[in-house]
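Read off the chains here:
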Amino acid sequence: MPQRNMPRPAAAYGIDIGKNIFHVVGLRSDGVPVQRVRFRRDTLLQFFERAAPAIVGMEACAGSQWIACKIQALGHKVRLIPAQFVKPYVKSNKSDIIDAEAIAEAATRPTMRFAALKSKEQADLQALHRVRDQMIGTRTCLINQMRAFYLEYGIALRQGAGLFKVDLSQAVEDQSNDLSSAMCKLLADLFADLRQLERRIPITCTGNENVTAMRFIFDRTTQWAGRLGVSWRRNRRARITG
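Residues numbered from 1 in each chain as written. Predicted model: local features only at pLDDT ≥ 70, side-chain atom pairs only at ≥ 80, totals over all residues. Heavy atoms only, no water.

A. Region of interest: the sheet that holds strand β3 (residues 33-40). Taken in spatial order, the five strands make up an open sheet running β3-β2-β1-β4-β5, and their pairing is mixed. Since the sheet does not close on itself, it has two edges, and those belong to β3 and β5 (77-81), each with one partner. Taken over all neighbouring pairs, the strand axes of this sheet differ in orientation by 20 degrees on average, direction set aside. Judged from the five bridges that link them, strand β1 (residues 12-16) and strand β2 (residues 21-27) form a sheet pairing that is antiparallel. Bridging across to β2, A12 finds its partner in L27. Where helix α1 (residues 41-50) meets the sheet, its contacts fall on β1, β2, β3 and β4 (55-59), and the angle it forms with β3 comes to roughly 140 degrees. (Pairing = 2+ DSSP bridges. Helix = DSSP H or I, 4+ residues; strand = E, 2+ residues; numbered from the N terminus. Axes fitted to C-alpha atoms, helices over the stretch in contact; angles between N-to-C directions. Contact = heavy atoms within 4.5 Å.)

Below you can see the structure in the form of structure tokens.
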């Protein structure tokens with residue numbers, strides 16, 4: 001590592017995260033910048049291995065959890081900041097170095113709210129839930145598309161996945177409708193895709209024992225919250241309904 005990129009004494013660092021290039025700004029305890037450097041992914045951790053323990057701030061974004069865990073393992077105090085809380089600290093024209101300086105300043109604010117670092121099991125659980133939500137959305141799109149195709153031929157199917165499949169089987173067996181052979185083949189292919197998707201959805205979150213255990217805890221917590229009059233929204237915030 002070049003001498004100019006060696007860490008200087010600093011109370012806090014801010015990292016502007018990129019795919020391959022990372023910009024780092026170090027601040028003294030009085031908030032004055034003492035270092036502005038940029039690194040590639042393979043040299044970023046080498047810098048913090050040599051740096052004295054300090055506060056390290058970065059925006060909570062894609063890839064930040066892995067970097068945060070690696071830097072925290074080196075003895076630093078890592079703080080993940082939601083991007084909307086960093087924006088007020090950005091000065092003059094936006095650039096990567098200015099963003100890193102704003103992140104470092106925001107990380108030292110006593111009233112700042114930070115995002116929590118996730119364990120591997122929590123990251124796996126979150127990813128599986130997102131994939132499951134995506135598959136459920138894809139299933140809804142398939143059902144709506146098939147319902148629209150049937151409606152083009154004068155066949156109205158009821159809403160809801162269960163009722164749709166009941167009406168679908170009846171429509172397929174009905175030889176008096178106006179469906180063409182090409183449309184019947186297309187709808188059969190779409191229904192096969194739907195069945196395959198429905199087989200995948202229940203087993204999405206059951207492949208990992210730790211993830212399954214955490215999901216069980218989450219489900220039980222949600223049940224108890226319901227008994228106490230608290231309902232959970234999709235954005236994982238709670239509101240009192242009682």
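The structure having been displayed, the exposition proceeds.
B. Representation of the packing of aromatic side chains in the model. Enumeration according to the criterion identifies four aromatic pairs in this entry. Aromatic pair Y13 and F47: ring centres 5.7 Å apart, planes at 90 degrees, arrangement edge-to-face. Placement of Y13 in strand β1 and of F47 in helix α1 is noted, with a sequence separation of 34 residues between them. Exposure class is identical for Y13 and F47. Each is buried. Ring geometry for F39 and F47: centres 4.8 Å apart, planes at 45 degrees, overall tilted. Take F47: its relative accessible area is 0%, and that puts it in the buried class. Through a chain of ring-to-ring contacts, the aromatic side chains of Y13, F39, F47 and F48 assemble into a single cluster. (Phe/Tyr/Trp six-rings, centres within 6.5 Å; stacked < 30°, edge-to-face > 60°. Buried < 20%, exposed > 50% of the residue type's maximum accessible area, 1.4 Å probe, protein only.)

C. Inspection of the nonpolar core at higher detail. Residues Y13, I15, V24, F48, M58 and I71 are the most contacted members of the largest nonpolar core, which totals 21 residues. The residues touching V24, leaving out its near neighbours within four places in the chain, are Y13, G14, I15, Q35, R36, V37, F39, L44, F47, F48 and A100. (Core = buried A, V, L, I, M, F, W, Y, C linked by side-chain atoms within 4.5 Å.)

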